[in-house]
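Read off the chains here:
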Amino acid sequence: MNTEKNILDNATNLFMQYGLKSVTMDDIAGKSGVSKKTIYQFFKDKNDIIKSSIKDHFEKHRHNILEAMNSTKTATEALIELSSCMKKQVEAINPAVLYDLQKYYPKSYQKVVEFKQEFMLDLVINMLNKGITDGTFRKEINVEILAIMRIEQVQMAFNPQIFPRDKFDFKAVNFQMFEHFVHGILTEKGRKQYNNLMNNNEI
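Residues numbered from 1 in each chain as written. Predicted model: local features only at pLDDT ≥ 70, side-chain atom pairs only at ≥ 80, totals over all residues. Heavy atoms only, no water.

Across its 28 residues, helix α7 (residues 106-133) extends 39 Å between first and last C-alpha, which sits within 8% of the 40 Å expected from 1.5 Å per residue. Roughly 35 degrees is the biggest bend found in α7, and it falls at Met120. Downstream of α7 by a residue or two, Gly135 has a phi angle that is positive, lying close to 85 degrees. (Helix = DSSP H or I, 4+ residues; strand = E, 2+ residues; numbered from the N terminus. Expected span 1.5 Å × (residues − 1). Bend = angle between axes of the 7 residues up to and from the residue.)

Viewed as axis vectors pointing N to C, helix α5 (residues 75-91) and helix α9 (residues 170-183) meet at an angle of 150 degrees, and their least axial separation amounts to 12 Å. Classified by the angle between their axes, α5 and α9 sit roughly antiparallel to one another. Seen from above, α5 lies across α9 with right-handed handedness. Judged by residue contacts, Leu79, Ile80, Ser83, Lys87, Val90 and Glu91 of α5 engage Phe170, Lys171, Asn174, Phe178, Phe181 and Val182 from α9. Grouping the constituent residues of the contact of α5 with α9 by class yields 7 nonpolar, 2 polar and 3 charged. (Axes fitted to C-alpha atoms, helices over the stretch in contact; angles between N-to-C directions. Parallel < 35°, antiparallel > 145°, perpendicular 65-115°, else oblique. Left-handed = near helix turned anticlockwise from the far one by under 90°. Contact = heavy atoms within 4.5 Å. Nonpolar A, V, L, I, M, F, W, Y, C, P; charged D, E, K, R; others polar.)

In C-alpha cells form, the structure reads like this:
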C-alpha cells in the first residue's frame with residue numbers, strides 16, 4: 001500500500017468511527033504511522049483529506065452496489081440486495097459524520113446529496129420500473145416518489161434523534177420499514193417470489 005492510500009484509508013476509518021470534527025491531523029498521523037509533515041506532502045489540509053475521503057468512500061459504495069445488483073436476476077432480488085447494501089453503508093458511518101459534513105463541510109456534503117439524488121435515485125427508479133415490467137411490482141405505483149421515500153427511509157432509520165439507540169434497535173427499525181415498503185409495491189407474483197427469497201436473506 002502506498003503512503004497516500006495508507007493515510008487516506010486510516011483517515012477514513014477514523015472519520016467513520018468518530019466523526020469529522022473530532023479527528024485531528026495528529027490522530028491521522030498517529031493512525032497512519034507517519035508524521036504530519038508526510039501528510040502535507042499529499043494533502044493540503046484536513047479539508048482536502050475529508051474531500052478525498054468522502055469521494056473514495058462513495059466510489060467504493062457505488063462499486064459494491066453495482067456488483068451486488070449485477071448478481072441479481074429479478075427486480076425483487078435486486079430490491080433485497082440493494083436494501084442490504086444501503087443498510088451496511090449506513091451502519092458503517094457514525095451519524096456525526098453526516099452532521100459534521102452538513103454543518104462544517106458543505107462542499108463535501110454535496111457529494112452525499114449527489115450520490116443520493118443521482119446515482120441511488122436512478123438505480124431505485126430503474127429497479128422499480130423493471131419490477132413493474134416483469135409483473136412483480138404493482139403498475140399503479142409512482143416510481144419516483146417511492147424511490148425517494150425508500151432512500152430517505154434508510155437514513156431516517158439510522159437517525160438517533162428519531163429512533164434513539166437506547167430505545168430502538170437499528171436492524172429492527174430498518175427491517176420494519178423495509179417490510180412496510182416492499183409489501184406496498186408487490187403483486188401476488190412478487191409476494192411469492194419475495195417470500196422465497198427472504199428465507200435465504202437478512203435485511
